[in-house]
Amino acid sequence: MGALHGHLMHPHENLDLRFRDLKVMFYQIANGDLDSACEKFDGQNIFLHVDSSGTTWFARNLSDVKGGNVAAGDIDNRFAGRGPVHTAFNDAALTASKIFSSWDSEKIKAVFGDNTWYSAEIIHTANPNVIKYDTCALIFHWDGTGSRDPITGHAISSKAQASAFKMLTELLPENIESQGHSWKIGTSFKANLNKLTQEQLNKATVNLDKVCESSGLCQAATLKEYIAKNIRKDFLDSLNLSSDCARLVMMRMFDEEGSLPAPSITKGMRPGLKASLRDVMKKRKNLREDYLAPITETIREVSNLALSGTSSNLVSIHEKELARIQDSFDSAVEFVENSNDYKKLGVLNKNKDQLQSRDQITSSQEGVVFKFDGNSYKLTGKFAPLNQILGQAKDWSK
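As a starting point, this report considers the structure included with it.

Cut-offs and rules
The written sequence of each chain sets the order in which its residues are numbered from 1. Since the coordinates come from a predicted model, pLDDT governs what is reported: local features require at least 70, and pairs of side-chain atoms require 80 or more to be given and counted, while whole-chain, interface and lining totals use all residues. Remark: hydrogens and water are excluded; side-chain values derive from all non-hydrogen atoms of the structure. Relative accessibility under 20% of the residue-type maximum defines a buried residue, over 50% an exposed one, and the middle range a partly exposed one, all with a 1.4 Å probe and only protein chains included. Put simply, DSSP H or I for four residues or longer makes a helix, DSSP E for two residues or longer makes a strand, and each gets a number counted from the N terminus. In this text, buried Ala, Val, Leu, Ile, Met, Phe, Trp, Tyr and Cys residues form a nonpolar core when linked through side-chain atoms within 4.5 Å. Working rule for contacts: check all heavy atoms of both residues, and any pair within 4.5 Å makes them a contact. The rule for a salt bridge is simple: a side-chain nitrogen of Lys or Arg has to be within 4 Å of a carboxyl oxygen of Asp or Glu. Only when DSSP finds a minimum of two bridges between them are two strands counted as paired.

### With respect to unusual backbone geometry
(1) Moving on: Phi at Gln179 is positive, roughly 55°, even though this residue is not glycine.
(2) Moving on: Taking relative accessible area as the criterion, Gln179 reaches 40% and is therefore assigned partly exposed.
(3) Moving on: Positioned with a positive phi, Asp255 is a non-glycine residue whose angle comes to about 50°.
(4) Moving on: Looking at the element boundaries, Asp255 is found in the loop between α9 (243-253) and α10 (262-266).

### Regarding the nonpolar core
(1) Moving on: Judged by nonpolar contacts, the single largest core of 50 residues is most densely connected at Phe19, Ile29, Val249, Met253, Leu277 and Ile295.
(2) Moving on: Ranked by residues supplied to this core, first place goes to helix α12 (residues 284-307) with seven residues.
(3) Moving on: If near-sequence neighbours (up to four positions away) are discounted, Phe19 is found in contact with Leu208, Val211, Cys212, Gln219, Ala221, Thr222, Leu223, Tyr226 and Ile295.

### Concerning the pattern of salt bridges
(1) Moving on: Applying the stated criterion to the full structure yields 12 salt bridges.
(2) Moving on: Between Asp255 and Arg284 there is a salt bridge, and its shortest N-O distance comes to 2.8 Å. Note that Asp255 is positioned in the loop between α9 and α10 and Arg284 in helix α12, a separation of 29 residues in sequence.
(3) Moving on: Across the pair Arg358 and Asp327 runs a salt bridge, and its minimum N-O distance is 2.9 Å. In this pair, Arg358 sits in the loop between α14 (342-351) and β8 (367-372) while Asp327 sits in helix α13 (residues 318-337), placing the two residues 31 residues apart along the sequence.
(4) Moving on: A relative accessible area of 41% places Asp327 in the partly exposed class.
(5) Moving on: Put simply, Asp255, Arg284 and Arg288 are held in one network by salt bridges that share partners.

### Concerning the pairing of strand β5 (residues 136-147)
(1) Moving on: Counted residue by residue, β5 has 10 buried out of 12 residues, so it is predominantly covered.
(2) Moving on: Here strand β4 (residues 116-123) pairs with β5 via seven bridges, running antiparallel. When the bridges of β5 are listed, Ile122 appears paired with Leu138.
(3) Moving on: Where β5 and strand β7 (residues 181-186) come together, four bridges link them in parallel fashion. Of the residues in β7, the one forming a bridge with Leu138 is Ile185.

Structure below.
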C-alpha cells in the first residue's frame, strides 16, 4: 500500500515487539491461526468517500481529503497521458461511482457517515506490476479506513467502525461489469498459506532464543531494548558519557520524537569524542538494520515457508504465472549484469543475498496482511527482493 494509506509494517519494523511476541506470532503462522490473514495484492491504493448526494469522491493525499472535490472526472484528468496507469485509476473511479450511485441515502449514511474514507486497492489487467492478475478488482481494506477531519485531512479514527465496515462488506456486489471488464469487488480475499512443520517452527524459535540470549536478555525484552543494549556495549560504554548525554544519543539513534540533531548533542565536547559520537549517530539506520539482521532473516524464512508454492486468488493458472515471473527475473538479472551501471549492480547484489535464483520464486501471491496484538503487519516472502531486482530493468520513462 502507499499514497494516503502510508506504510504497512513488517514485524521487525515494530521495535516495541518483544521476543516472546514474535514466538507467539510464529506459533500462529505454524498452526494457520493468524488473525484476519488476507492476501496482499500488487496493485495501487486509493481512498474514497461517498457524500449524501451519492457522489463518490477520491483521494490520493491529504489535500484531496481536505478539498473533498476529486470526482471521477478529476481522476481522469489527473492521470491523463499516463497510459495504463490512467486506464487503471480512471476505470476504477468509474466502477466505484457506478457501484455507489445506486445506493440510497440511508445506506450511504450508515457506511460513509462521519466523513469516513475507505482505503481501496486497484487491480487492473492493463496495469500489472510484478504479478499479472487475470481479472480487474477493487478491494476495500479495513486497515487505514476511518473518519477524517475535513479541515486537516488527518485521521480522527484510524479504524472504520466495525458495524459500518461489516455493512459495506454485505452490500458490495461480488462482481460487476464496468468499462469493458469484469471486476471482482470485495473487502478481503483470504490468503493461501502453508502451515509450518514442528521442525520448521522449532528452528525459528531456537534462532530467536539464540539472539536474545546472546545479549543476556529475557523473552520479555523488546527489539528496541535488544538494539539499545548492543549499541551501548559496542559504542557507548567505553566513552564514559554522562547519563543525560547517553540518553540524548540513544534518542537520536532511534530517531525518537524530540531527539536533538548530532551537533546539538556534541556541542562543547572534545574533538575526538565529538567525532566518535557523530560517526555513530550518522550510521544509526545501518546499525539498527545490522543488529536486527538475524531476527529479520528468521522472520523472512518463516514468511518464505508460509508462502512457498501458494497461489493468488486472482491468478487462475498458478504455474503459468509463476514461470512468467521467473523468466522476468532471469531477464532482469541478465540486463543488470550487462548494464555496467554500478547503481543497478549494487541493488542487484544487495537483493541477491535474499534471492539467488529463479527456483526460489514459488508464490504468485505478493504476501499476506494480518493482525497481531492490535497492529497490522505484512509478510511478503521473496517478493521484496524480486520487486527491487525487476525494478532495475524497468523502463521508467513509460
